[in-house]
Amino acid sequence: MIKKAVIPAAGWGTRFLPITKSQPKEMMPVVDTPVIQYVVEEAVQSGITDILIVVGRGKRAIEEHFDRNPLLEAALEAKHQFAEIEKLRRISGQAHIYFVWQQEMKGLGDAILCAKDHIGQEPFAVLLGDTILDGFGKPVTRQLMDVYEQYQASVVALEQVPTEKVQRYGIIDGVVLEDGVLQAKDFVEKPSPDAAPSNLAIASRYVFTPAIFDYLERTPKGKNNEVQLTEAMRLMVREQPMYGRRIDGIRYDLGNRLDFIKTNVIFGLRHEEIGPKLREWLKDLMLGL
Ligand code: UTP
């Protein structure tokens, strides 16, 4: 049974400067809710009860978001805003949430290594803190956990991407075992379209056995002294079975400007209160262009 998850959220977010100079990109709003809250909710809906968020300098807002704020709750109570109080309590009461500090931003692999002591000898999930995955009714982390339960080995989420875009992603080289499940042979970081072994990109969610920590420790440091997770996975797949699950769902990557705006429009249109007005406004806007 997988009960623990790690959410790396310590990165610089340089693709989103200047906002990320003082604000964590994981706290960027989608309508009125920070990205990382969607990520925590996905973990909780998947059955995770213990969440470790990896933070670093400038990320205090994440800790505050998941902490109780008795003064704010008292102020809302005085104004009889009980629905708002409920909303706030739900945020802090979802799971046991812990924090660990990444000393230097030395890459995603290094961020996951910071979780080693907390995780111990258990399998665990990893959810990137800047990406929402809509699993069409079944959370994507749960989809991976189901494959883990069947094969008892590490699993990565895969998303089909257009061939001309493969060079933006880590791509799996694998063999199809059953509908939507592949056994991995290798992983290739940012291949050119003609050299790509597939068009299935690694999609921000993983389930790992604790053996990943050994491979991360053995991974030579790459560009900018960073430990790349994909490199550790390449070492691992040579010695242990690993699987990929083509996700039922859509990925919303909030780490870049265009997808941030698009995601806000999509979630805004779906929003009960503002959706209809936004739809009308967008129609008028398009007519005027
Ligand atoms: P990214 O590579 O998208 O994050 O990592 P980044 O380095 O912050 O982004 P840019 O390229 O500078 O814009 C994906 C996730 O891994 C975390 C990030 O916070 C993000 O949620 N991460 C990345 C860490 O926790 N530590 C790191 O050293 C790097």
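Everything that follows concerns the structure shown earlier in this document.
Summarised in this report is the structure supplied together with it.

Rules used throughout
Residues numbered from 1 in each chain as written. Predicted model: local features only at pLDDT ≥ 70, side-chain atom pairs only at ≥ 80, totals over all residues. Heavy atoms only, no water. Helix = DSSP H or I, 4+ residues; strand = E, 2+ residues; numbered from the N terminus. Polar contact = N/O pair within 3.5 Å; in protein donor to acceptor, adjacent residues only side chain to side chain. Contact = heavy atoms within 4.5 Å. Phe/Tyr/Trp six-rings, centres within 6.5 Å; stacked < 30°, edge-to-face > 60°. Buried < 20%, exposed > 50% of the residue type's maximum accessible area, 1.4 Å probe, protein only. Lys NZ or Arg CZ within 6 Å of the ring centre and 35° of its normal.

## Observations regarding the side chain of E73
Here is step 1 of the chain: Relative to the elements of secondary structure, E73 occurs in helix α3 (residues 70-78).
Here is step 2 of the chain: In this structure the side chain of E73 is engaged in a polar contact, spanning 2.9 Å, whose partner is the side chain of R68.
Here is step 3 of the chain: Beyond its immediate chain neighbours, meaning those up to four positions away, E73 contacts R68, I85 and R89.

## Here's the deal with the packing of aromatic side chains
Here is step 1 of the chain: This structure, assessed with the given rule, holds seven aromatic pairs.
Here is step 2 of the chain: Aromatic side chains F124 and F208 sit 6.1 Å apart centroid to centroid with 50° between the ring planes, which places their arrangement in the tilted category. Placement of F124 in strand β6 (residues 124-127) and of F208 in strand β11 (residues 200-208) is noted, with a sequence separation of 84 residues between them.
Here is step 3 of the chain: For F124, a relative accessible area of 0% gives the class buried.
Here is step 4 of the chain: A residue is classified by how much of its surface remains accessible, and F208, at 0% relative accessible area, is buried.
Here is step 5 of the chain: Look at Y252 and F267: their rings are 5.2 Å apart centre to centre, the planes differ by 85°, and that puts the pair in the edge-to-face class. Taken together, the residues span a long stretch of sequence, with Y252 in strand β13 (residues 250-253) and F267 in helix α10 (residues 257-270) at a distance of 15 residues.
Here is step 6 of the chain: Owing to a relative accessible area of 7%, Y252 belongs among the buried residues under this scheme.
Here is step 7 of the chain: The exposure class assigned to F267 is buried, which follows from its relative accessible area of 13%.
Here is step 8 of the chain: The positively charged end of R270 is found above the aromatic ring belonging to F267, 4.9 Å away from the centroid.

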